[in-house]
2 protein chains.
Amino acid sequence: MNLAVFASGNGSNLQAIINSCRKGKIAADLKLVFSDRPAAYALTRARRAKVPSIVSLVPRDFPSREAYDQACVELLQREQIDLVVLAGYMRILSPLFIDAFRGRIMNIHPSLLPAFKGGHAIEDALAYGVRVTGVTVHFVDEQIDHGPIIAQAPVRILAQDTRETLAARIHRAEHRLYPQAVEMFVSGRLKICGRTVIPS
Amino acid sequence: MNLAVFASGNGSNLQAIINSCRKGKIAADLKLVFSDRPAAYALTRARRAKVPSIVSLVPRDFPSREAYDQACVELLQREQIDLVVLAGYMRILSPLFIDAFRGRIMNIHPSLLPAFKGGHAIEDALAYGVRVTGVTVHFVDEQIDHGPIIAQAPVRILAQDTRETLAARIHRAEHRLYPQAVEMFVSGRLKICGRTVIPS
């Protein structure tokens, strides 16, 4: 199986996947790392890991979101990608993209969905005053932070937590959970049934 | 400190609190058990535990929800109750009741709030396909399943879970968490700050 990772920033989840592939914990080839930002540190990580294809496309060079996503889909098809792993990819995918890779695009979110959807999940959880939050890996569908859930891990909020200390623990949980979820897909252990994913 | 437990049904959370009081894990007196249903098994548990006051008031004997809740408040004041513990109490409290005991009424809910509010939390979590749900103890405010969160515990959903097996695990988590939350209140370790409860 061939994997692509899409990232816009630091790429720490990309690094976790690179490490798991290297150790043989994920039995697949990381064939492509893609970014919408040429300066993303994720691309540096990809170069260091000697990922075969490293591509950056700048959105403003395309006439529309659909044209941009069409270029992505063509790239993915050309590279014969089986699974697209979003890892801090900051663009919302168009239906065209989602439809072309339905059930084959994963994302990770720093809360226990459906709680705290959106771009400020960690801050929102702290403001709400929950005692347990966590991370969610899910398949991507047309709604934001909504698709079938593959895996979740709880993270306790401590009385002395700040945004920074909580975010650090959540990121560590992401780096454990995301490679596991990818491995489950790669080994054929995920079956989507309606909006439920049945692991085996 | 004097505790009152309100229950409409089986009263398994009441039993957990009775047990914790008996073992000295909660340093307070369970002075009153109240029900809106004279046949509630919770009342039998209260009699067996020799709770001093056991009261059942039937809603249809009162002209309005406010009149019913006013009778409850007077009862609580007469018994000098410090904390009201809702344990499967199926009535929504009126603002009159909530205001009279603000910050002194606890409830328990079978999900990690704010996810899966309402009366079908366990079924809703299964239907959504989450991998982690849990239980929440919170102070009661005017909105349903909304007040400041005191304690939460995660419960994993397993691939083979049915409604029954999951409910059984959630109830066991409730029976552990609720007495702990009551004890934190009784020992003065909960400070409400906006909608956050700061444990110490």
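Before reading further, recall that the structure is shown in the block above.
Conventions and cut-offs
Residues numbered from 1 in each chain as written. Chains lettered and ligands numbered in written order. Predicted model: local features only at pLDDT ≥ 70, side-chain atom pairs only at ≥ 80, totals over all residues. Heavy atoms only, no water. 1 Å grid on protein atoms, 1.4 Å probe; cavity = no way out; pocket = protein on both sides within 12 Å on 5 of 7 lines; lining within 4 Å. Points joined across faces, edges and corners; volume = space filled by probe spheres on them. Helix = DSSP H or I, 4+ residues; strand = E, 2+ residues; numbered from the N terminus. Nonpolar A, V, L, I, M, F, W, Y, C, P; charged D, E, K, R; others polar. Contact = heavy atoms within 4.5 Å. Buried area = accessible area lost by both parts, 1.4 Å probe. Polar contact = N/O pair within 3.5 Å; in protein donor to acceptor, adjacent residues only side chain to side chain. Salt bridge = Lys/Arg side-chain N within 4 Å of Asp/Glu carboxyl O. Buried < 20%, exposed > 50% of the residue type's maximum accessible area, 1.4 Å probe, protein only. Axes fitted to C-alpha atoms, helices over the stretch in contact; angles between N-to-C directions. Parallel < 35°, antiparallel > 145°, perpendicular 65-115°, else oblique. Left-handed = near helix turned anticlockwise from the far one by under 90°. Phe/Tyr/Trp six-rings, centres within 6.5 Å; stacked < 30°, edge-to-face > 60°. Expected span 1.5 Å × (residues − 1). Arc of directions from axis to C-beta. Least-squares fit on C-alpha atoms with pLDDT ≥ 70 in both.

Asker: Could you give me a rundown of empty space enclosed by the protein, with the residues and numbers involved?
Answerer: This structure, assessed with the given rule, holds 1 cavity of 30 Å³ or more. By volume, the largest cavity is sized at about 90 Å³. Along its surface, the largest cavity is lined by 14 residues, and L112, A115 and V132 of chain A together with L112 and A115 of chain B are the ones closest to its centre. Of all the secondary structure elements, the ones that give two or more residues to the lining of the largest cavity are β6 (132-139) of chain A together with β6 (132-139) of chain B. Considered class by class, the residues forming the lining of the largest cavity number 12 nonpolar, 2 polar and no charged.

Asker: Residue-level account of the interface of chain B and chain A, with values.
Answerer: Often, the extent of an interface is quoted as the loss of accessible area on bringing the components together. Across the boundary between the two partners, chain B contributes 28 residues, which contact 28 residues of chain A. By the criterion of area lost to chain A, the three top residues of chain B are Y128, R131 and Q152 of chain B, representing 32% of everything that side buries. Scanning the region where chain B abuts chain A turns up 12 residue pairs in polar contact (both at pLDDT 80 or more). Within the residue set of the side of chain B that touches chain A, elements represented by two or more residues are α5 (121-128), β7 (149-156) and β9 (196-199) of chain B. No other element matches β7 of chain B, which puts 7 residues into the side of chain B that touches chain A. Taken together, the residues of the side of chain B that touches chain A sort by class into 19 nonpolar, 4 polar and 5 charged.

Asker: Go over the pattern of salt bridges with me, naming the residues and quoting the values.
Answerer: Opposite charge on two side chains permits them to pair, given that their charged atoms come into close proximity. Residue and element names in this part refer to chain A. On inspection of all chains with the given rule, the structure shows 10 salt bridges over all chains. Between D99 and R102 there is a salt bridge; the shortest N-O distance is 2.8 Å. Note that D161 and R169 form a salt bridge whose closest N and O atoms lie 2.6 Å from each other. Through salt bridges with shared partners, one network takes in D99, R102 and E142.

Asker: I'd love a proper account of unusual backbone geometry, names of residues and values included.
Answerer: In the segment running from L113 of chain A into P114 of chain A, the intervening peptide bond is cis, with an omega of 10°. Turning to its location among the elements, P114 of chain A is positioned in the loop between β5 (105-109) and α5 (121-128). Despite not being glycine, F116 of chain A shows a phi value in the positive range, around 60°. F116 of chain A gets classed as buried once you look at its relative accessible area, which sits at 12%. With a phi close to 55°, D145 of chain B is a non-glycine residue in the positive phi region. Within the fold, D145 of chain B resides in the loop between β6 and β7. Judged by its relative accessible area of 10%, D145 of chain B falls in the buried class.

Asker: Could you give an account of the packing of α5 of chain B against helix α6 (residues 163-186) of chain B, naming the residues involved and the relevant values?
Answerer: Residues and elements named next belong to chain B. As a packed pair, α5 and α6 sit with axes 10 Å apart at the nearest point and diverge in direction by 120°. Considered as vectors, α5 and α6 are oriented oblique to each other. The crossing of α5 and α6 is right-handed. Across from I122, E123 and L126 in α5, the residues of α6 making contact are R163, L166, A167 and I170. Across the contact of α5 with α6, the residue classes break down as 5 nonpolar, no polar and 2 charged.

Asker: Give me the packing of aromatic side chains: which residues, what numbers.
Answerer: With the rule as written, the count across this model stands at 18 aromatic pairs over all chains. Ring geometry for F139 of chain A and F185 of chain A: centres 6.2 Å apart, planes at 65°, overall edge-to-face. Residue F139 of chain A is found in strand β6, and its partner F185 of chain A is found in helix α6 (residues 163-186); the two are separated by 46 residues along the sequence. Comparing F139 of chain A with F185 of chain A, the two get one shared label, buried. A centroid spacing of 5.9 Å and a plane angle of 65° characterise the contact between F116 of chain B and Y128 of chain B, whose relative ring orientation is edge-to-face. Placement of F116 of chain B in the loop between β5 (105-109) and α5 and of Y128 of chain B in helix α5 is noted, with a sequence separation of 12 residues between them. Accessibility assignment for this pair places F116 of chain B and Y128 of chain B in one class, buried. Each residue in the set F6, F34, F62, Y68, Y89, F97 and F101 of chain A is aromatic and connected to the rest through ring pairs, giving one cluster.

Asker: Could you give an account of helix α3 (residues 65-78) of chain A, with specific residues and numbers?
Answerer: Residues and elements named next belong to chain A. Between its first and last C-alpha atoms α3 spans 20 Å; for 14 residues at 1.5 Å apiece the expected length is 20 Å, and the two agree. The complete set of buried residues in α3 reads Y68, D69, C72, V73, L75 and L76. All buried residues of α3 lie within an arc of 160° about the axis, which places them on one face of the element. Those residues of α3 hidden inside the fold are in contact with β1 (2-6), β2 (29-35), β3 (53-56), β4 (83-86) and α4 (95-100).

Asker: Lay out the relation of the copies chain B and chain A with the relevant residues and their values.
Answerer: The transformation that overlays chain B on chain A combines an axial shift of 0.0 Å with a rotation of 180°, and the residual RMSD is 0.0 Å. Here the two chains are linked by the operation of a two-fold rotation axis. Among all residues of chain B, the one whose C-alpha sits closest to the rotation axis is A115 of chain B, at a distance of 2.6 Å. A share of 100% of the interface residues of chain B reappears at the interface of chain A, consistent with the copies meeting face to face through the same patch.

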